[in-house]
Amino acid sequence: MTILDPSLLDAAAFDPADGAVAYELDRSHVFHSWSAQGALKPFVMAGGLASTIWDYTGNRYLDFSSQLVNMNIGHQHPKVIDAIKAQADLLTMVAPAHANLARGQAAKRILAKAGRPFSKVFFTNGGADANENAMRMARLVTGRDKILSQYRSYHGNTGAAVVATGDWRRVPNEFSRGHVHFFGPFLYRSEFWATSPEQECERALHHLERVIVSEGQASIAAIILEGVPGTAGVLVPPPGYLAGVRDLADKYGILLIMDEVMSGFGRTGEWFAWQGFSAGEGDWTPDLITFAKGVNSGYVPAGGVVISESIANAFETQVFPGGLTYSGHPLAMASIVAALDTMDEEGIIDNARVIGTDHLAPGLAQLAAKHPMIGEVRGLGVFWALDLVDDPETRDPVSGAVIAQLKAELMSRGLFPFSADNRIHVVPPCVVTPDEVARALAIYDEAFTAVELG
Ligand code: PLP
């Protein structure tokens, strides 16, 4: 991997006074996502490099959040930054209707990772609008209305995408019609009274088929699923589940959309998470794939829909009634080309896989064996969750106060954590090194001990 210049890690280059101004401007003028604004005390980030970030007062942190689980290539990768600079010198904007070299190159590279039967890419500004457009395509192609999705899911913050979302973010936004939810497999907190992955898989598929039939198969355009549901808790599907969903979709003439916004481009140690489940399970493929985040690690906002040939063909003569001013923005496209080429050249996907199998899997298992608060460890690649419980028998989730305490203990030891509900998600960049993982594991261990000791 690229050798990074350690002098760039010199946090002293930043003036604490700038940090104070940044904080003050934020609290005075910036309105934040998903929050009551009053109690917010945002972290002020001054810089980052690879898996490390720092503030204005000289504190460094291992970024085990990857920000919003998107910094797959790490912070400030020089090759991606150079590509953005070069594109900025060349051309900073082109209307979506025109052809542009960087856009074509980005599409070609993404299609090479998706493989057959995919033939076209529709670019969006991020993940939610990718899902919006994939659902729109599915509705137009099938002539059907309903979209099925899991309760434990997140698909984005726009009209239909937020209603397809299964968690609490759906409820205040539920004005779009035609969305139906079902439970996916999650053995640790099984909805199906299952005691083995096989049982959980079989019963979750039975439940899904009952939902399809009860809703009326002829009314359902698509099932949308995250490759591995992420924000909901890194819910790795049991063997056979995704293949079973594909079979049900085929049986009832329903399209399958894989939402790879969080799970794609290296997070699970694969280009797309579904590819890891498809191999050895009939090599099935989805009909549409949505992506964002890891495709360029968010250096410039971008997302999109990878479209199978048969769906792309349906729009050869039929008008696709959708579009965005910044679809295929040149700066975003140049960053995608550079990010994907760099991930190939530097073996970054392989690194994520090996970090998962050889370092995080055994290290987190050891952590759980020592700390009874960790009810379950689940994940793969650089995509893990620690499900924290008050009591391993009842599996009652820990309170928000415990999570807040843990986060403070982790931060004070130099690890920037990611939390959701009663969980700590262990989601470093795909470029994380074995040494950084070892340091992080020691910090998690100390932080859990500190919380246990009260
Ligand atoms: N889909 C999934 C699986 C996500 O995790 C997210 C964001 O976290 C989205 C869609 C929405 O992406 P964006 O925030 O880029 O709109």
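Draft legend 1. Inspection of the site of the ligand at higher detail. Taken together, Gly 126, Gly 127, Ala 128, Asn 131, Tyr 154, His 155, Gly 156, Glu 226, Asp 259, Val 261, Met 262 and Lys 293 make up the full set of residues near the ligand. A distance of 2.7 Å separates a nitrogen atom of the ligand from a polar side-chain atom of Asp 259. Within the side chain of Lys 293, an N or O atom sits 3.0 Å from an oxygen atom of the ligand. Notes on the ligand: free accessible area 390 Å², of which the protein chains cover 80%. Here the shell around the ligand gets three residues from one element, more than from any other, and that element is helix α5 (residues 127–142).

Draft legend 2. Geometry of the sheet that holds strand β13 (residues 415–416). Ordered by their spatial adjacency, four strands build an open sheet running β1-β2-β3-β13, and the pairing between neighbours is mixed. On the outer flanks of this sheet lie β1 (47–49) and β13, each paired with one strand and no other. Judged from the three bridges that link them, β1 and strand β2 (residues 52–54) form a sheet pairing that is antiparallel. Counterpart to Gly 48 in the pairing with β2 is Ile 53.

Draft legend 3. Structural detail: the packing of aromatic side chains. Applying the stated criterion across every chain yields a total of 17 aromatic pairs. For Lys 113, the ring lying beneath its charged end belongs to Trp 271, and the centroid distance is 4.3 Å.

Draft legend 4. Representation of the side chain of Ser 66 within the structure. Topologically, Ser 66 is positioned in helix α2 (residues 66–69). In this structure Ser 66 comes out as buried when scored by relative accessible area, which is 0%. A polar side-chain atom of Ser 66 sits 3.2 Å from the main-chain carbonyl oxygen of Pro 428. With sequence-adjacent residues up to four places away left out, Ser 66 is seen in contact with Met 71, Arg 267, Val 427, Pro 428 and Pro 429.

Draft legend 5. Geometry of the layout of surface pockets. Roughly 460 Å³ of volume is contained in the second largest pocket. Lining of the second largest pocket is provided by 19 residues; of these, Lys 120, Val 121, Phe 122, Phe 123 and Ile 307 occupy positions nearest its centre. Elements with a minimum of two residues in the lining of the second largest pocket: α4 (101–114) and β4 (118–124). Residue contributions to the lining of the second largest pocket peak at four residues, all from β4. Here the lining of the second largest pocket is composed, by residue class, of 11 nonpolar, five polar and three charged.

Draft legend 6. Structural context of helix α13 (residues 400–412). The end-to-end C-alpha distance of α13, which contains 13 residues, comes to 18 Å, matching closely the 18 Å that a straight helix rising 1.5 Å per residue would cover. Contacts made by the buried residues of α13 are with β12 (383–388), β13, β14 (418–420), β15 (423–426) and α14 (434–453). Gly 414 lies just past α13 and shows a positive phi near 95°.

Draft legend 7. Quick look at the pairing of β4. By the criterion of burial, β4 is predominantly enclosed, with five of the seven residues buried. Bridge count between β4 and strand β10 (residues 303–308): six bridges; the pairing is antiparallel. By the bridge assignment for β10, Phe 122 is matched with Val 305.

Draft legend 8. Up close: the domain arrangement of the chain. Here the chain is described as being made up of domain 1 (8–76 + 347–453) and domain 2 (79–345). Spacing between the C-alpha centres of domain 1 and domain 2 amounts to 26 Å. Contacts between domain 1 and domain 2 engage 38 residues on the former and 38 residues on the latter. Both faces combined, the contact of domain 1 with domain 2 buries some 3000 Å², and carbon together with sulfur accounts for 60% of it. One salt bridge connects Asp 387 with Arg 189, and the closest N-O pair in it is separated by 2.8 Å. For the pair domain 1 and domain 2, the number of links is 24 residue pairs in polar contact (both at pLDDT 80 or more). Counting residues per element, the ones that place at least two in the side of domain 1 that touches domain 2 are α2, α12 (348–370), β11 (374–380), β12 and β15. Here the element with the most residues in the side of domain 1 that touches domain 2 is β11; it accounts for five residues. Its residues assigned to classes, the side of domain 1 that touches domain 2 comprises 20 nonpolar, 12 polar and six charged.

Draft legend 9. Representation of the sheet that holds strand β8 (residues 255–259) in the model. Taken in spatial order, the seven strands of this open sheet run β4-β10-β9-β8-β7-β5-β6, and their pairing is mixed. Edge positions in the sheet fall to β4 and β6 (179–182), since each of these pairs with one other strand and no more. Averaged over all adjacent pairs, the angle separating strand axes in this sheet is 20°, with direction ignored. Pairing of strand β5 (residues 146–150) with strand β7 (residues 220–226) involves four bridges; the strand directions are parallel.

Draft legend 10. The arrangement of α5 in detail. A rise of 1.5 Å per residue sets the reference length of α5, with its 16 residues, at 22 Å; its end C-alpha atoms lie 23 Å apart and thus fit the reference within 8%. The element α5 is largely enclosed, with a buried count of 12 among its 16 residues. Turning to α5, its buried residues number three or more, namely Gly 127, Ala 128, Asp 129, Ala 130, Asn 131, Glu 132, Asn 133, Ala 134, Met 135, Met 137, Ala 138 and Arg 139. One or two residues past the end of α5 sits Gly 143, with phi positive at roughly 70°.

Draft legend 11. Quick peek at the pattern of salt bridges. Counted by the stated rule, this structure contains 19 salt bridges. Across the salt bridge formed by Glu 191 and Arg 152, the nearest N and O atoms sit 2.8 Å from each other. With Glu 191 in the loop between β6 and α7 (197–215) and Arg 152 in the loop between β5 and α6 (159–164), this residue pair connects regions lying 39 residues apart in the sequence. Judged by its relative accessible area of 37%, Glu 191 falls in the partly exposed class. Asp 350 is paired through a salt bridge with Arg 353; the nearest N and O atoms lie 2.5 Å apart. With Asp 350 and Arg 353 both in helix α12 and three residues apart, the pair spans about one turn of that helix.

About the criteria used
All residue numbers refer to position in the chain's written sequence, counted from 1. Note on the predicted model: pLDDT of at least 70 is required for a residue's local features to be given, and 80 or more for side-chain atom pairs to be given and counted; whole-chain, interface and lining totals, by contrast, use all residues. To get the side-chain values, all heavy atoms of the structure are used, and hydrogens and water are removed first. A cutoff of 4 Å decides nearness: a residue is near a molecule or strand if any of its heavy atoms lies inside that distance of it. Polar contacts, as counted here, are pairs of nitrogen or oxygen atoms within 3.5 Å of one another; within protein the pair requires one atom able to donate a hydrogen and one able to accept it, and residues that are adjacent in sequence qualify only if both atoms are side-chain atoms. Surface exposure here means Shrake-Rupley accessible area, sampled with a 1.4 Å probe, where a residue is shielded only by the protein chains that are shown. Per the convention used, a helix needs a DSSP run of H or I reaching at least four residues, while a strand needs a run of E reaching at least two, with both numbered from the N terminus. Any two strands with at least two DSSP bridges between them are considered paired. Stacked, tilted and edge-to-face are the three classes applied to pairs of Phe, Tyr and Trp rings, where Trp contributes its six-membered ring and a pair requires centres within 6.5 Å; stacked means planes under 30 degrees apart, edge-to-face means over 60, and tilted covers the rest. Placement of a charge over a ring requires the Lys NZ or Arg CZ to be within 6 Å of the ring centre, with the centre-to-atom vector within 35 degrees of the ring normal. A 1.4 Å probe rolled over the protein chains alone gives each residue an accessible area, and that area as a share of the maximum for its type sets the label: buried under 20%, exposed over 50%, partly exposed in between. Contact definition: two residues touch when any of their heavy atoms are within 4.5 Å. Any residue with an atom within 4 Å of a point lines the site, the site being either a cavity, points on a 1 Å grid over the protein atoms alone where a 1.4 Å probe fits but cannot get out, or a pocket, an open set with protein on both sides within 12 Å along at least 5 of 7 lines. Grid points are joined across faces, edges and corners, and a volume is the space filled by probe spheres set on the points. Side-chain classes follow a simple rule in which Ala, Val, Leu, Ile, Met, Phe, Trp, Tyr, Cys and Pro form the nonpolar group, Asp, Glu, Lys and Arg form the charged group, and the remainder, Gly included, forms the polar group. In a helix, the anticipated span is given by 1.5 Å times the number of residues less one. Per the annotation, domain bounds derive from an automatic or database assignment of domains. Summed over both partners, the accessible area lost on bringing two parts together, with a 1.4 Å probe, is the buried area. In the sections that follow, a salt bridge refers to a side-chain nitrogen of Lys or Arg positioned within 4 Å of a carboxyl oxygen of Asp or Glu. Here the axes come from fitting lines to C-alpha atoms, over the contacting stretch only for helices, and the angles between their N-to-C directions go from 0 to 180 degrees.

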